[in-house]
Amino acid sequence: MFDELAPEHAELRQAARRFAEEQLEPIAMEIDRTGEVPAHTMDVLREHGYLGMRLPPEIGGAGLGIFEYCIIQEEFSRSHRMFTLLTGATSGLTPTAILRHGSAAQKDKYLNGLVTGRIKSAFGLTEPESGSDSAAMKTRAIKKDDGWVLNGRKHFINGGGSADVLMVMAVTDPEKRARGGISAFLIDKGTPGFSVTRIDTTMGSEAIKLAELTFEDCFVPDEAVLGKVGDGFRFAMESLDEGRLNVACACLGVADRVLTMAIGHAQQRKTFGKPLSERQAIQWMLVDSATELQAARAMAYDVLRRIDAGQNTGAGPSMVKLFCSEMVGRVADRAVQVHGGMGLIRGFPVERFYRDIRHYRVGEGSSEVQRMVIARRLLGTRGG
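The notes below deal with the structure included here. (Residues numbered from 1 in each chain as written. Predicted model: local features only at pLDDT ≥ 70, side-chain atom pairs only at ≥ 80, totals over all residues. Heavy atoms only, no water.)

Let's shift gears to the side chain of H101. When you line up the elements, H101 lands in helix α5 (residues 93-101). Among the polar contacts listed, one links the side chain of H101 to the side chain of E238, at a separation of 2.9 Å. Sequence-distant contacts of H101, defined by excluding residues within four places in its chain, comprise L226, G227, R234, F235 and E238. (Helix = DSSP H or I, 4+ residues; strand = E, 2+ residues; numbered from the N terminus. Polar contact = N/O pair within 3.5 Å; in protein donor to acceptor, adjacent residues only side chain to side chain. Contact = heavy atoms within 4.5 Å.)

Below you can see the structure in the form of structure tokens.
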């Protein structure tokens, strides 16, 4: 098969799936029942080595590459999207940015806490008037003596309400903007002038919360700048590429899970004396879903392998995110259809998966933005 894994990766997948089925699935059921994440969830993830997965072993992390990390996220997403968000808060965009670009003091301050789950992170980029057009952000950081004063607002920030540290992007040179005029700041919860001003609940799981963050004359010292002044936009784009691959693999996991559920239901449910699985209309839904999932997984794994090999993947992450996020929408829709009335009822996992995956065509860059990125790459390299 096109998505065949090396033995070490297959073993990693097997361990992650076993852990998800035995340890995470009961927690997923509790999240669905109460709309809240049980307090011991981070302890369970930490005890089994699933926090700080991309951070170095010398501080307690697993030192995983992007491919290995995404395999685990794919498996966790088969249980509940919340688990990919919780592990991402210690292993995803902000932690890897600190690892790559942080000063020794910043690494010492944050990385150990991320590995243990003592602290969680979030990524503050999106604003009310600059979602996909990140370069148009209005949050400003003005230099003042030995620090910076931030003013502005971020919204729809995953985990922003519970994060202990946030990587916040702000304009430091309005003339340059994306060409060296946006900087990244590490801002701690409780910093004067920084507040969480609204919490939003999406159409998906009740436990998933998005935050509005407000900065009003928020002073941070020079030591809060991540990397060099003006490097923020580059860091953001670097992080978003990996974030898009993470989303893509979460889509693979959900598609695999709902397809498995649809197959099981079709084999058990009888209509007019025969199992649904003997109806050609149902068979074709399952076949189309399995074929699209196989193609998506092959595409995603190819790009992940090339990134780990240090190769330039061009628009590959955008292609993968676009294809996988739209694929899982079709697969989940068919799964609901196969389940019939049961697919519409709260309490059945297929219904919750159907709501949760709608986010993926918007978050980490909408489908339309991915098409713009891909088109620019195609026209820039092949036009003439």
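Text resumes after the structure shown.
In this section: the side chain of E351. Along the chain, the position of E351 falls in helix α10 (residues 349-356). Looking at E351, its side chain comes within polar contact range of the side chain of R346, at 3.1 Å. Setting aside anything within four residues of it in sequence, one finds E351 in contact with G343, L344, I345 and R346.

Considering all chains together, one arrives at six aromatic pairs under this definition. Note on Y50 and F76: the rings are 5.0 Å apart at their centroids and 70 degrees apart in plane angle, and the pair reads as edge-to-face. Placement of Y50 in the loop between α2 (41-47) and α3 (66-77) and of F76 in helix α3 is noted, with a sequence separation of 26 residues between them. The class for Y50 is buried, based on a relative accessible area of 10%. Centroid distance F194 to F215: 5.1 Å. Interplanar angle 10 degrees. Geometry classified as stacked. Within this pair, whereas F194 is found in strand β6 (residues 194-201), its partner F215 is found in strand β7 (residues 209-221), the two being separated by 21 residues in sequence. (Phe/Tyr/Trp six-rings, centres within 6.5 Å; stacked < 30°, edge-to-face > 60°. Buried < 20%, exposed > 50% of the residue type's maximum accessible area, 1.4 Å probe, protein only.)

Their axes nearest at 9 Å, the elements helix α1 (residues 7-34) and α3 cross at an angle of 30 degrees. Classified by the angle between their axes, α1 and α3 sit roughly parallel to one another. Considering how the two elements wind past one another, α1 and α3 form a crossing that is right-handed. Here H9, L12, R13, A16, R17, F19, A20 and L24 of α1 come into contact with α3, specifically with F67, E68, I71, I72, E74, E75 and F76. (Axes fitted to C-alpha atoms, helices over the stretch in contact; angles between N-to-C directions. Parallel < 35°, antiparallel > 145°, perpendicular 65-115°, else oblique. Left-handed = near helix turned anticlockwise from the far one by under 90°.)

What follows concerns a nonpolar patch on the surface. Taken together, M299, M319, L378 and L379 make up a surface patch of nonpolar side chains, about 350 Å² in accessible area. Take L379: it is sitting in helix α11 (residues 367-382). Assessed through its relative accessible area of 64%, L379 is described here as exposed. (Patch = residues over 30% accessible without salt bridge, like charges linked within 9 Å, V, L, I, M, F, W, Y side chains within 5 Å. Areas by Shrake-Rupley, 256 points an atom, 1.4 Å probe, with all protein chains shown as cover. Salt bridge = Lys/Arg side-chain N within 4 Å of Asp/Glu carboxyl O.)

Most of α5 is tucked away: seven of the nine residues are buried. By the burial criterion, the buried members of α5 are L93, T94, P95, T96, A97, I98 and H101.

Bringing the pattern of salt bridges into the picture now. Overall, the coordinates contain 30 salt bridges when judged by the stated rule. In this structure, R297 and D256 form a salt bridge, with 3.8 Å as the shortest nitrogen-oxygen distance. Placement of R297 in helix α8 (residues 280-308) and of D256 in helix α7 (residues 232-268) is noted, with a sequence separation of 41 residues between them. This pair shows no difference in class: R297 is buried, exactly as D256 is.

Let's shift gears to the layout of surface pockets. Counted as a void, the second largest pocket has a volume near 330 Å³. Around the second largest pocket, the lining comprises 18 residues; the ones closest to its centre are D32, R33, G347, R352 and R355. Looking at the lining of the second largest pocket, the elements that each hand over two or more residues are α1 and α10. Broken down by element, the residue count for the lining of the second largest pocket peaks at seven residues, all from α1. Of the residues that constitute the lining of the second largest pocket, the class distribution is five nonpolar, five polar and eight charged. (1 Å grid on protein atoms, 1.4 Å probe; cavity = no way out; pocket = protein on both sides within 12 Å on 5 of 7 lines; lining within 4 Å. Points joined across faces, edges and corners; volume = space filled by probe spheres on them. Nonpolar A, V, L, I, M, F, W, Y, C, P; charged D, E, K, R; others polar.)

On to the packing of α3 against α8. Between α3 and α8, the least distance of the axes is 8 Å, while the angle of their chain directions is 145 degrees. Contacts from I66, F67, E68, C70 and E74 in α3 reach R297, Y301, L304, R305, I307 and D308 in α8. Its residues assigned to classes, the contact of α3 with α8 comprises six nonpolar, no polar and five charged.

This part takes up the nonpolar core. Core analysis: the biggest nonpolar cluster contains 63 residues, and L45, F76 and L252 have the highest contact counts within it. Those elements that place two or more of their residues in this core are α1, α2, α3, α4 (81-91), α7, α8, α9 (316-339) and α10. Considering every element that reaches this core, the biggest residue donor is α7, with 14 residues. Apart from residues no more than four positions distant in its own chain, L45 is found in contact with F19, L24, Y50, L51, F76, L86 and T87. One finds L111, L125, M169 and A184 within the second-largest nonpolar core, a separate group that totals 24 residues. (Core = buried A, V, L, I, M, F, W, Y, C linked by side-chain atoms within 4.5 Å.)

Here we take up the pairing of strand β4 (residues 165-171). Most of β4 sits inside the fold, with seven of its seven residues counted as buried. Judged by which residues are buried, β4 turns out to be covered on both faces: V165, M167, M169 and V171 on one side and L166, V168 and A170 on the other are all buried. Where strand β1 (residues 121-124) and β4 come together, four bridges link them in parallel fashion. Bridge assignment links G124 to a residue of β4, and that residue is V168. (Pairing = 2+ DSSP bridges.)

The next thing to look at is unusual backbone geometry. For F156, which is not glycine, the phi torsion reads 60 degrees and is therefore positive. Checked against the element boundaries, F156 lands in strand β3 (residues 147-158). Residue F156 is classed as partly exposed on the basis of its relative accessible area of 46%.

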